[in-house]
Structures are given as structure tokens and as C-alpha cells.
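Okay, here's what each chain looks like letter by letter:
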Amino acid sequence: MRAPRRAGWAEAGAGLLAVVYVLVLYLDPAAGGQVTNLFIFSIAAIGLNVIVGSAGMFHLGIAALFGIGVYTTGILTVPTNPFGCGFWSALGASTLAAAAAGVMLGAPLLRLRGDYFALVTLAFGEVVRFSLRNLDEVTGGTRALGPVPPPVLPGWLAGPAGLLGIGRDFAQDDRLFYWLDLALLLAIAGLVSRIDASRWGRRWRAVRDDELAAACLGINVARAKLSALALGSALAGLAGSLYAFKITGTASPDAYDFNRSAILLCAILVGGLASVRGAVVGTFLVLGFDNLIAPWLDSAVQRWQPTGAEGRLLVFSNWRLLIFGLLLIALMRFRPTGLLPGK
Amino acid sequence: MSQTLLEHLLIGLANGSLFALVALGYTMVYGIVELINFAHGDVFMLGSLFALTLVGTLGLADAGPATTAAGIVLLLVAVPAFCALVNLSVDRLVYQPLRQAPRLAPLVSAIGASFVLSNIGLLWIGAADVSFPDLIPRRNLLSGAGPQFTLKDMLVVAVTMATMIGLTAFVKYTKLGKAMRATAQDPLAAQLVGIPVERVIAATFALGGALAGVASVVYSLYVNTVSYQMGFQNGLYAFTAAVLGGIGNLPGAMIGGLTLGLVRSLGSLYLGERWTSASVFAILILVLVFRPQGFLGSRVREKV
């Protein structure tokens, strides 16, 4: 059991962090936009943590599923295509598309061992990336798709939004995305926590801990694994769709490469496997560092205007893979379960 | 047989030999510690950067033919030694403490090690592609205006063949090779009969690194471009080759590499250049799903 005093500290810390982030949103809209991205990536990390943490499948292609969500939304909404989907229908379609892709990839892999599973998902990620790049009649290739039209705020919400002073037009004010994505993140975090604690979650953990024993107890191993893959992939696709709306485009396919998958994996390993809190905390620590603090340090260094080979050593982003790599190595060595591990 | 087809077959042969060289190191390490050494591709990359630095320091780019030949021989000794050292250090510092840990811990660490090494590469030469001096003349060895098989292609195939034969003989006939095979079969039993398993593992990593070093010299001389990102993609290709042939199996790695080289060159002929990478990874998926033991590997039943 956790000592109640420590839990209090953790909540106070989380509260403080939340206040700081909200302040950032109002004082610096650009940084606020980055925080919105962190909410979106947290949703993907929760999904990844279902697959890796709860069900024990070492998935290295989560960014590809995220990318499938991004591109489904892009294809369904951009004005040059005839579909003209709205926010909710595109969100739903992207979620379903990613879930379908995740399950279709997963079904033949159920009997593969951990490291082979990891490689197939990695290769899948590369195939998706190259395909997005090459099918340029549909995906726009490296030019990417855009613009994704902003969602429309329903009339009954305009009043409360006005009270918060966050505007009523998604195209005009990023802060609407902030509150929308925060609300979705909280809803999903609550939902996944419930599922994790339910019969489904117990099945996933049983299969993760000992597949054979789980099968002997009458658990349908294939169904348990596929359901975890479906949920995790769906969340990655949903996050991808939100991301496309947030950045009003799809970004180039290379944004959804192996490094992105590995950094999300790093986030859940830092935060803690098999826990929703862990996924969110890890995303804010790892991706927060990557998206907010590293660029800030870079711009601080930029003011000195370093040049040449020494300049390369001074640019902070040139060290980020080294830092992530060392972080992964140190974690595996000293705290393989992360900061806030679940069951 | 049309001329373009023959030309692509020859390109495939040379490329495939390169993949095979990198794949050999992958397969040896996997055979013994059952670890996918993600960092292997980045050891290969660092080898290329080291070769580039050596070429620059020695001024080989504008030396006479005799000096150049001596320089290439020097590269083929110094770079493998460097890569062996890097791979050995990665094993000692990163993997060895995790020998008894659950299987995924070393895999995550391997991704970490790969990031660290590729970042070192970035700090070493920067983010842009750097061209590697063209030390070997593009003299065509086949007479007439027909398909090209240059001195470079010859070098790749010859070095790969020689390495492959030497390695097979080493593993088959030397004492250390025997100890490696024993460790691969059953580390615990090997330890019980007095084989210093940790030393054998260290030797395997050193040897695997040296092979990556040979491959990196040949690659740099052949492709003439190096970048800090070349490790990831080439490492994945090599791993695909190793899996294709049956991971842990030395002749398998050779066959897998050649198959992959041919798939790539024929793919670029029939499907178009841009689909080659996607088709290689699609093959990796199909092989892992339908024949995880590869061409030459034997099926291992999961023990309870």
C-alpha cells in the first residue's frame, strides 16, 4: 500500500503542474499549443500502454497507427477531396481505421515471440510510412495533405466558452483545442482505467504474465490479445485524428517514423507500464521535455549564434537521441517498471 | 536475358553481399545471446565514419594507386578493430548487466544503445550526407559495351566471400568457435563443462563488430556516401537478411543477404525505385509470420 502522505505529495505536484500549464496557455499561446499536443500524445501513450504494459505485447509501430489516424482524417476532410466529413465523423472513422489496421496486423502475429512481434510491428511501421509517401495520388506524398478544416463549436457551448474567454472559433483560437483535447484525454483516461480494472484488464495481465497458464485457466488468449491491440490502436488513431485537426494538416509521412514510436515507448517506460497515470506522466515528462524544454534551450543557445562544428555541439536538439538512449538504458538497468507502474 | 536484367542481377549480387556482411554479425550475436542487437547497424555506421576520418587524415583521396591500395588494406584492419571495440563496449556497458533480466529489457536497452551511437555519429559528422572519396576506379571488368561489373563490384563480392569462408572455418574448426557453438546451444550446459561463457559472449560481440567494420569499409568504398542515419536502415535490411536465412545460421545470413539484394534490385527494375524499401519490409513481415525459422533455420518449439 502506498503511504497516504506520499499520495498527497503526488497530487499536489500534479495540481501544481496543471496550474503551471494552464498559465502557460494564457501567457504564451504558442507554448499552449504544444501542451495541447502533449494531451494528444498522452492519448496515444495510453493506447500504447494498453498494448505494451497491460497485454505485454512489445509494439514498435504505434506511430504508424497514429499516422493512419492522421491520414484518414486528412483524406476525409480536406476540401480537395469530395468526402467533406465533419469533426466527429472523421474522428470516428480514423479511430476505426487504426483499430482495423492494428487488428489485421496483429491477428497473424499472435503466436510470435516477444522480439519477433517487436520486429514485425517495426517493419509494419516502415511499410506504412513508405506507402503513405508513395501513394501520392491519395496522400499527397511528402507534400502532405491540408488544410484540414477546423471543427465548429456547437451553439450550446458558445456561452460557457465565452465565460472562459477562449473564443468560439477553432480557426482563430488554439485554446479551444486545448480544452477539447483535455476533456477527451480525461474521458479516455477514466474509461481505460475502468477497462484496465475490469475482467478484460485482468485477462490481459494474465496473458501477459503467463500465456500458457492463462490458456489453461480458460482464457481465450487470442481474443484477449486482439482486444488489447484493438483498443490500443483505436486510441492511437483517435489521437492521430485530433492531431490532424490541431495542426490543420497531416504533416509529412516521415513525422510518423520509428523514432516517434520509440519516443512514445520511452514515455510509457518512464511513466510506468500498465498504468494510465504512468502513460500521461511519462508523456508530459519525456515529450514535454522534447517539445517544450528542448526548443526553448535551443533558442537560448541560438542567441549566441554558434557556428561550425562547435555550433553543432552546442545545439541542444543534436543531443536529444543521446539523452533518450541513455534514459532507456538507465531505466532498464535501474528501474525497469518506470515511475508509477500499474499492476 | 536482356541486358538491363543482367545488370540488375549483378547490382543485386554486390548489394546482397553487403547486406550479408552486416547480417553475419547480427546472426552471430543472436545465435548466442538471443538478443536483437539494434545497435549493430549503428556500429556499422560508426565504422564508416571512422573510415572517412582515416581517409581524410591519411590523405588517401589524392594518393597514387600503390598508396591507395595500402591504405585500403589499412582501413580493412583498423576499422574492424575499432568496430569490435565499440560493439564490445556496448555489450559490457549495456547488455551484460541485463543478462538475467526479462527478455524485453535488453531489447529496450538495445534501442537505447542504437540511439546513443547514432547521436554520436550526428555529433561526429553532422546531419548532412557526406561524400566518401572515390578510391577505387570504376573500371569495367567485362569487355565490350555490355553489362557493367566493375572493380568495385568485384571487391564487394570478393571480400564478402573471403570473410564468409574464413568465418565458417573459424566457427567450425577453432576452439573458440566450438565454444561459441556450445554456448549458442545451451549456455548453462556450456558453463558446466567449463566454457567461460561470458568470455565467449564478449568474443562474439567483438567478432560481430569486426564484421560490421569490414562491411562498413566495403560499403563506404562502394556507395561513396555516408551519413549518421545509414545505420538504422542498413541494420534493418541486414536483420531482414538474417531472419530470411534463418537467424543464428551463418550460411543462412549469406543466402538471406543475396536474396535481399536481388529482391531490391529486381524490385527497382519492376516495381520502381521508391517501392523497394517497402517491399523489403513487407518480406520481413511475411517471413516472420509464415516461416519464422527462415530458409535454413530449424523450428524450435517453445519450451514450457
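These numbers were taken from a predicted model, which means no experiment stands behind them.

What counts, and where the lines are drawn
Residues numbered from 1 in each chain as written. Chains lettered and ligands numbered in written order. Predicted model: local features only at pLDDT ≥ 70, side-chain atom pairs only at ≥ 80, totals over all residues. Helix = DSSP H or I, 4+ residues; strand = E, 2+ residues; numbered from the N terminus. Rg over C-alpha atoms; globule rule 2.2 N^0.38 Å. Buried ≥ 20, exposed ≤ 12 C-beta atoms within 10 Å, placed from the backbone. Contact = placed C-beta atoms within 7 Å. Nonpolar A, V, L, I, M, F, W, Y, C, P; charged D, E, K, R; others polar. Core = buried A, V, L, I, M, F, W, Y, C linked by C-beta atoms within 7 Å. Axes fitted to C-alpha atoms, helices over the stretch in contact; angles between N-to-C directions. Parallel < 35°, antiparallel > 145°, perpendicular 65-115°, else oblique. Left-handed = near helix turned anticlockwise from the far one by under 90°. Expected span 1.5 Å × (residues − 1). Arc of directions from axis to C-beta. pLDDT = per-residue confidence, 0-100. Bend = angle between axes of the 7 residues up to and from the residue.

Caption draft 1: Highlighting the overall build of chain B. Across its full length, chain B holds 11 helices and 2 strands. N-terminal to C-terminal, the α/β element order of chain B is α-α-α-α-β-α-α-α-α-β-α-α-α. Its C-alpha atoms give chain B a radius of gyration of 19 Å, near enough to 19 Å, the size a compact globule of 304 residues would have. In terms of overall dimensions, chain B has C-alpha extents of about 60 × 45 × 40 Å along its principal axes. Residue burial in chain B is summarised as follows: out of 304 residues, 49% are buried. At a minimum sequence separation of 6, the contacts of chain B that also span at least 24 residues come to 78%.

Caption draft 2: Just the overall build of chain A, in detail. Secondary structure assignment for chain A yields 15 helices and 0 strands. Projecting the C-alpha coordinates of chain A onto the three principal axes gives extents of approximately 60 × 50 × 50 Å. Partitioning the contacts of chain A with sequence separation of at least 6, the portion at a separation of at least 24 is 76%.

Caption draft 3: The interface of chain B and chain A, seen in detail. The interface of chain B with chain A comprises 33 residues on the first partner and 34 residues on the second. Elements with a contribution of two residues or more to the side of chain B that touches chain A: α4 (104-125) and α11 (276-290) of chain B. Top element by residues in the side of chain B that touches chain A is α4(B). It accounts for 14 residues. A breakdown of the residues in the side of chain B that touches chain A according to their chemical character gives 25 nonpolar, 6 polar and 2 charged.

Caption draft 4: A look at the nonpolar core. By size, the foremost hydrophobic cluster in this structure holds 195 residues, and its most contacted members are Ala44(A), Ala239(A) and Leu264(A). When near neighbours in sequence (up to four residues on either side) are disregarded, Ala44(A) contacts Ile62(A), Phe66(A), Leu235(A), Ala236(A), Ala239(A) and Leu264(A).

Caption draft 5: Structural context of the packing of helix α2 (residues 40-58) of chain B against helix α9 (residues 230-245) of chain B. All names here are of chain B. In contact at an axis separation of 7 Å, α2 and α9 are set at 130 degrees when each is read in the N-to-C sense. What the angle tells us is that α2 and α9 run oblique. Relative to α9, α2 is oriented so that their crossing is right-handed. Contact with α2, carried on its side by His-40, Gly-41, Asp-42, Phe-44, Met-45 and Ser-48, involves Met-230, Gly-231, Phe-232, Asn-234, Gly-235, Leu-236 and Ala-238 of α9 and no other residues of that element. Class assignment of the residues belonging to the contact of α2 with α9 gives a composition of 6 nonpolar, 6 polar and 1 charged.

Caption draft 6: Main features of unusual backbone geometry. Residues and elements named next belong to chain A. The backbone phi angle of Ala-144 is positive, close to 70 degrees, even though this residue is not glycine. Turning to its location among the elements, Ala-144 is positioned in the loop between α6 (136-139) and α7 (155-164). Despite not being glycine, Thr-248 shows a phi value in the positive range, around 45 degrees. Along the chain, the position of Thr-248 falls in the loop between α11 (221-246) and α12 (258-271).

Caption draft 7: Local environment of the environment of Leu155(B). Residue and element names in this part refer to chain B. Within the element layout of this structure, Leu-155 appears in helix α5 (residues 151-173). Taking the C-beta count within 10 Å as the criterion, Leu-155 has 18 such neighbours and is therefore assigned partly exposed. Through-space distance from the C-alpha of Leu-155 to that of Val-218 is 7.7 Å; in sequence the pair is 63 residues apart.

Caption draft 8: Looking closely at helix α15 (residues 320-334) of chain A. Its 15 residues place the ends of α15(A) 21 Å apart at the C-alpha level, agreeing with the 21 Å of an ideal helix rising 1.5 Å per residue. Buried within α15(A) are the following residues: Leu321(A), Phe324(A), Gly325(A), Leu328(A), Ile329(A), Leu331(A) and Met332(A). When α15(A) is viewed along its axis, its buried side chains cluster within an angular range of 160 degrees and face the same direction. Among the exposed residues of α15(A), those pointing more than 90 degrees away from its buried face are Ala330(A) and Phe334(A). Contacts from the buried residues of α15(A) go to α12 of chain A together with α3 (65-95) and α4 of chain B.

Caption draft 9: Inspection of the confidence of the model for chain A at higher detail. Averaged over all residues, the pLDDT of chain A is 85; the fraction at 70 or higher stands at 90%. In this model residues 1-6 of chain A is a low-confidence stretch, pLDDT under 50, and it forms 1 contact with partners more than four residues away in sequence or in other chains.

Caption draft 10: The packing of α5(B) against helix α8 (residues 197-223) of chain B, seen in detail. All names here are of chain B. Their axes nearest at 10 Å, the elements α5 and α8 cross at an angle of 170 degrees. Judged on the interaxial angle alone, α8 and α5 are roughly antiparallel. Side by side, α5 and α8 meet where Lys-152, Leu-155, Val-156, Val-159 and Thr-163 of the first sit next to Leu-211, Val-214, Val-218, Leu-221 and Tyr-222 of the second. Tallied by class, the residues present in the contact of α5 with α8 amount to 8 nonpolar, 1 polar and 1 charged.

Caption draft 11: Highlighting the environment of Trp88(A). Here Trp88(A) is to be found in helix α4 (residues 87-106). Separated by 190 residues in sequence, Trp88(A) and Gly278(A) have C-alpha atoms that sit 28 Å apart.

Caption draft 12: Structural view of the confidence of the model for chain B. When pLDDT is averaged along chain B, the result is 86, and 95% of the positions lie at 70 or above. As scored by the predictor, the complex reaches a pTM of 0.87 and an ipTM of 0.86.

Caption draft 13: Structural context of helix α2 (residues 29-54) of chain A. Residue and element names in this part refer to chain A. Helix length check: α2, at 26 residues, gives a terminal C-alpha distance of 36 Å against a target of 38 Å (1.5 Å per residue), a fit within 8%. The largest bend along α2 measures about 30 degrees and falls at Leu-48. Immediately beyond the C-terminal end of α2, within one or two residues, lies Gly-56, with a positive phi of roughly 70 degrees.

Caption draft 14: Highlighting the environment of Ile283(B). Residues and elements named next belong to chain B. Tracing the chain through its elements places Ile-283 in helix α11. Taking C-alpha positions, Ile-283 is 35 Å from Leu-188, a pair spaced 95 residues apart along the chain. Apart from the residues lying within four places of it in its own chain, the contact partners of Ile-283 are Thr-240 and Val-263.

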